[in-house]
Amino acid sequence: MAVSFELLAVDAGTGARRGRLTTPHGVVETPAFMPVGTQGTVKALTWDEVWATGARLCLANTYHLFLRPGADVVEALGGLHGFTSWPGGFLTDSGGFQVFSLEGLRKVGDDGVEFQSHHDGSYHTLTPERSIRVQEQLGADIIMCFDDVAGWGVDEARLRQATERSLVWARRCRDSHVTDQALFGIVQGGFDEGLRRTSAAGMVELDLPGYALGGLSVGEPKEVMNEVLAYAPGLLPTDKPRYLMGVGWPEDIVEAVAAGCDLFDCVLPTRLGRTACALTAEGRVNLRNLQYERDDGPLDPQCDCATCARHSRGYLRHLVKANEILGARLLTYHNLAFYQRLTADLRAAIECGTFGTWLSAWRGRGVTWAGASPTATP
Ligand SMILES: [Zn+2]
C-alpha cells in the first residue's frame, strides 16, 4: 500500500489524535486541513504559494476534471501531479457529492447516476466502477468511494436507501480498483445513529485504508452535526485516518478534532478570500467595512503570513474596493495560512499532552467565525 498512517499520540481526555499520513508525495502531519483545488487549481494562488501556507495535501474534484478537460487529458499530461506540478499529496473526491447537488439534472438508480453537464447539457453516467476508473486516471494519492448522498431533511426511506446503496457501491469500488492508490470508504447514514452504525460496520468490513464521514455539513444545524460527531468517529478503526468531508469553520474543525477526526477540507478559506473576508484570531474581518479605510495595522496581528507581515488593512481594503486581483490573492493566502496555523497548533497541543487545557482556553475565548454557510455549488 502506497499510503500509510501512523497514530503518534491520543489525548486521554477527549480522544483527539495526532497522526502522520505518508503518501508517495510526502508526509502529511494530522490533524490536517486540505485546501480545495476544484479545477486542479486552488483558486487565486500559485502552487508555490499553497505550499508556503503549510498545506501538504490538496483536494481536487473528480466531477469537474471529468467534464473538463477530461480524465484522458489529465492522464496524458502526467496525472494530477504532472498536470498541476503540485509536489504534495492529492486526494480526489468521487464525484458523488457534486452529481447529487445537480438537482433536476440527474437520475439516480441502483447502478449509478446519469446526469447532465452544467457546462453544455451533455449527458454522462457515473457508476462506482467509472468513478474509480476516472480517479485512477487522475492519479491522486488518495481516492474516494462513489457514494449516494442523502441531504438534510430527507425522509427515512430515502436515507436508508442511500446508506444501503453506498455500502453496495463501496464494495463495487473496492472490487474494481486496480492501482495502489489508497481507496477510502465513506460512512453515510445521515443523522440517524442506527444507520450510521450500520454504514460504519459495513465499511469497516471492507478493510479499506481510511474512512470518511460523509453527509455532514449539508445544511443541518451545527448541534445536529455535533451530535453525530459525538459517536461516529468512534465507530471507525483507531489505526486508520478519519476524514470529515466538507468541514468547515475553524470552530467546527476544533470540535471535530476533539471528537477524533484527522482530515478536513472546505472551500471556506478560499471562497471567503475572494469575497473580501479574512478569518483572523479575533473572528471575521470584512474589508469592505469603512472602519478599515485608514487602518494601518496588519490584517491579523497574531499571524506571521506574508500578507500580514507586509500589508495594512487599509491597503487590503483599497485592493478589495478597486476589485484588484491582488486583494483576492492576498486574502486567500492569509486565510489558508490561518487554517494551517490552527491545525499546527492542534497538533502541537495533542503532541505535548496539553490539548485539554488548549481546548478549554479556546472554548473560553468564545470566538466564532460561522455565518451563513456557503452553498455547495457543482
Ligand atoms: Zn496572515
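Scoring rules and cut-offs
Residues numbered from 1 in each chain as written. Predicted model: local features only at pLDDT ≥ 70, side-chain atom pairs only at ≥ 80, totals over all residues. Heavy atoms only, no water. Helix = DSSP H or I, 4+ residues; strand = E, 2+ residues; numbered from the N terminus. Buried < 20%, exposed > 50% of the residue type's maximum accessible area, 1.4 Å probe, protein only. Contact = heavy atoms within 4.5 Å. pLDDT = per-residue confidence, 0-100. Core = buried A, V, L, I, M, F, W, Y, C linked by side-chain atoms within 4.5 Å. Domains from an automatic or database assignment. 1 Å grid on protein atoms, 1.4 Å probe; cavity = no way out; pocket = protein on both sides within 12 Å on 5 of 7 lines; lining within 4 Å. Points joined across faces, edges and corners; volume = space filled by probe spheres on them. Nonpolar A, V, L, I, M, F, W, Y, C, P; charged D, E, K, R; others polar.

**Here we look at the environment of Phe184**
Inspection of the secondary structure assignment puts Phe184 in strand β11 (residues 182–187). According to the relative accessible area criterion, Phe184 is buried, its value standing at 0%. Along the sequence, Phe184 and Gly364 sit 180 residues apart, while their C-alpha atoms lie 35 Å from each other. In this structure Phe184 touches Ile142, Ile143, Met144, Cys145, Leu208, Pro209, Gly210, Tyr211, Pro241 and Leu263, once residues within four positions along its chain are discounted.

**Observations regarding the confidence of the model for the chain**
Note that predicted coordinates carrying low pLDDT should not be read in detail. Looking at the chain, the pLDDT average stands at 95 and 98% of residues meet or exceed 70. In the model, residues 372–378 has pLDDT below 50 throughout and makes 13 contacts with residues more than four positions away in sequence or in other chains.

**Quick word on the nonpolar core**
If you look at the biggest cluster of nonpolar residues, it comprises 95 residues, and the most contacted ones within it are Leu213, Leu244 and Phe355. If one sorts the elements of this core by residue count, helix α14 (residues 325–352) sits on top with 11 residues. Each of domain 1 (4–266) and domain 2 (273–363) accounts for three or more of the residues forming this core. When neighbours within four sequence positions are excluded, Leu244 is seen to be in contact with Leu213, Leu216, Leu229, Ala256, Cys261, Leu263, Phe264 and Asp265. In this structure, Phe5, Val36, Leu59 and Tyr243 belong to the second largest nonpolar core, which totals 19 residues.

**Topic: the layout of surface pockets**
Looking at the second largest pocket, its volume works out to about 290 Å³. Contributing to the lining of the second largest pocket are 14 residues, with Ala281, Gln302, Asp345, Trp362 and Arg365 lying nearest its centre. Those elements that provide at least two residues to the lining of the second largest pocket are α14 and α15 (355–365). When the residues that make up the lining of the second largest pocket are grouped by side-chain class, the tally is eight nonpolar, one polar and five charged.

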